[in-house]
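Secondary and tertiary structure notes
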Amino acid sequence: MTRDSKSEIRVRAAVNETIAAYNRHELDSAREQTIRIWNEHYGGSPLLPSDFDVVTTLWGMMQRLAPDCPEAAAAQEAIKGLKRQLRKDQPLNAVYDLGRWPPQFDLFTFLVQAKTLAVAQDRPLNVVFQPAEDGGYVKMGKYSHDEANYRMYHICLPATILYGASPMVLPDRNAPLPEGDYLPTMGATHDGVIRVHRETGRLEKLRASKRGLELVGEFTERFDRPIVTITLRNTFRYENRNSDLTIWREVADKLMPDFQTVFVPDTADAFKDLDFGHAVFNIGAVDLDSRLALYERAALNIFNHNGPAVLCQYGVSAFLNFGLRDEKYMTAAEWASIGMPIDTQPPYLLDNQKLVWDPPTPERVIDEVREMMERI
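Here is a short report on the structure shown in this document. (Residues numbered from 1 in each chain as written. Predicted model: local features only at pLDDT ≥ 70, side-chain atom pairs only at ≥ 80, totals over all residues. Heavy atoms only, no water.)

Moving on: the sheet that holds strand E9 (residues 319–322). As summarised here, the arrangement of the 6 strands in space is E7-E6-E5-E8-E9-E10, forming an open sheet in which the pairing is parallel. Strand pairing shows two members of the sheet lacking a second neighbour, strand E7 (279–280) and strand E10 (353–356), which therefore form its edges. Pairing geometry for strand E8 (residues 300–303) and E9, over 3 bridges, is parallel. Each bridged residue has a counterpart across the sheet, and for Phe 303 the counterpart in E9 is Asn 321. (Pairing = 2+ DSSP bridges. Helix = DSSP H or I, 4+ residues; strand = E, 2+ residues; numbered from the N terminus.)

Here it is in structure tokens:
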């Protein structure tokens, strides 16, 4: 078949008709049309990079309707060749500058941008961690190198893997970057997430691993009530944001007997003997996949403006995040500058996810929990 702009329009229209026939369960007709389109338009012609989306669609239809036909095998080989032309089998690189962005939960704001952009281009993602000026993993004065090392191996590397990306840590700041294509320079602030969401219309959602969900299920299945998690903050930075245990113990008590409260302690308290009078999920404080799996298995997750809330914010789990309104941490102008004005909700949140800007009180938390549970 002669290929020109009119024939390209015709073949795409034919593919759409084939999909419509499949959706109407006219499987014999859809099968015949799929194979005919391949043989008439692609089977004996050199393929162009612009053919990738149509050829991929045809191959997907063949996989459903005639997986053993020779055309399906030919289409699969054609896709491999097109991927080589388009470099779709080679990763996009994204550089995380540890001299500017520390190894902490801010990384997820970077990763959700990079992964979404890579998926939009149908490319794998490689995250390159570039050390700070002194060769360490954090700029001097923020916190110790030992703390930074721990966060690299317990937050940054597992987070990258959970996003389906490959991590690469350079030996020093001046080490050459790997060859290949690079995403534009990105930061770890929320305005970038808003921009990517606006450009692509979606965000690539973070999910726990299948095995992590299985293992954590052995913990959650022991309870006969829906689980509500409360994630605590108790760290040396911005101590005014640390959790008030008096408030959260009262909340946990009030949630009984309708819910089973499970506390997730701060990493600093992971191995302490914590007597909250409720279940404690200690491993979640040090193992990222286990923490994420617990959040996915819970009916609702509650945070007090702490870093781990991004696991739900960029994921699929129900959550309430309290106390973002805090002038000692960020002013109203600063919140607006990162695309999240005070008292607003990011456009990518799911129906079971909410930022509660006001500080938590037991009464407010319980009211928000009841309202959310009615919604979901």
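Next, the rest of the story.
The subject of this paragraph is helix H6 (residues 145–162). For H6, with 18 residues, the first-to-last C-alpha span of 24 Å sits near the 26 Å given by 1.5 Å per residue. Where H6 is concerned, the buried positions are Ala 148, Arg 151, Met 152, Ile 155, Cys 156, Leu 157, Ala 159, Thr 160 and Leu 162. Count one or two residues on from H6 and you reach Gly 164, which has phi positive near 75 degrees. (Expected span 1.5 Å × (residues − 1). Buried < 20%, exposed > 50% of the residue type's maximum accessible area, 1.4 Å probe, protein only.)

Size it by volume and the second largest pocket reaches roughly 160 Å³. As for the second largest pocket, its lining consists of Lys 254, Leu 255, Asp 258, Phe 259, Glu 363, Ile 366, Val 369, Arg 370 and Met 373. Sorting the residues of the lining of the second largest pocket by element identifies helix H9 (245–255) and helix H13 (362–375) as the ones contributing at least two each. Among the elements that line the lining of the second largest pocket, the one with the most residues is H13, at 5 residues. (1 Å grid on protein atoms, 1.4 Å probe; cavity = no way out; pocket = protein on both sides within 12 Å on 5 of 7 lines; lining within 4 Å. Points joined across faces, edges and corners; volume = space filled by probe spheres on them.)

Attention now goes to helix H5 (residues 107–120). Here H5 contains 14 residues, and its C-alpha end-to-end distance of 20 Å stays within 8% of the 20 Å for a straight helix at 1.5 Å per residue. Within H5, 12 of the 14 residues are buried, leaving the element largely enclosed by the surrounding structure. Every buried residue belonging to H5 is among Leu 107, Phe 108, Thr 109, Phe 110, Leu 111, Val 112, Gln 113, Ala 114, Lys 115, Thr 116, Leu 117 and Ala 118, and all of these are buried. In this fold, the buried residues of H5 make contact with strand E1 (92–97), strand E2 (125–130), H6, helix H7 (190–200), helix H10 (288–297) and helix H11 (310–313). Positive phi shows up at Asp 122, right after H5, with a value of about 55 degrees. (Contact = heavy atoms within 4.5 Å.)

The next subject is the pairing of strand E6 (residues 260–264). Here E6 lies mainly inside the structure; 5 of its 5 residues are buried. Burial of the side chains of E6 extends over both faces: Gln 260, Val 262 and Val 264 are buried on one face and Thr 261 and Phe 263 on the other. As paired elements, strand E5 (residues 227–231) and E6 share 5 bridges and run parallel to each other. Bridging across to E6, Val 228 finds its partner in Thr 261. Both E6 and E7 contribute to a ladder of 2 bridges, which runs parallel. Residue Val 262 lies in a different strand from E7, and its bridge partner there is Ala 279.

Attention shifts here to the packing of H5 against H7. One way to put it is that H5 packs onto H7 with a least axis distance of 8 Å and a crossing angle of 20 degrees. Between H5 and H7, the angle falls in the class roughly parallel. The two elements H5 and H7 cross, and the hand of that crossing is left-handed. Of the residues in H7, those in contact with Thr 109, Val 112, Gln 113, Thr 116, Leu 117 and Ala 120 of H5 are His 190, Gly 192, Val 193, Val 196, Glu 199 and Thr 200. Looking at the contact of H5 with H7 residue by residue, the class counts come to 5 nonpolar, 6 polar and 1 charged. (Axes fitted to C-alpha atoms, helices over the stretch in contact; angles between N-to-C directions. Parallel < 35°, antiparallel > 145°, perpendicular 65-115°, else oblique. Left-handed = near helix turned anticlockwise from the far one by under 90°. Nonpolar A, V, L, I, M, F, W, Y, C, P; charged D, E, K, R; others polar.)

Glancing now at the pattern of salt bridges. Applying the stated criterion across every chain, the model contains 22 salt bridges. A salt bridge links Lys 80 to Glu 77; the nearest nitrogen and oxygen atoms lie 3.4 Å apart. Taken together, the residues Lys 80 and Glu 77, both in helix H4 (residues 70–86) and 3 residues apart, mark about one turn of the helix. Its salt-bridge partner being Glu 204, residue Arg 202 comes within 2.9 Å of it at the nearest N-O pair. Taking the relative accessible area as the measure of exposure, Arg 202 reaches 37% and is therefore partly exposed. (Salt bridge = Lys/Arg side-chain N within 4 Å of Asp/Glu carboxyl O.)

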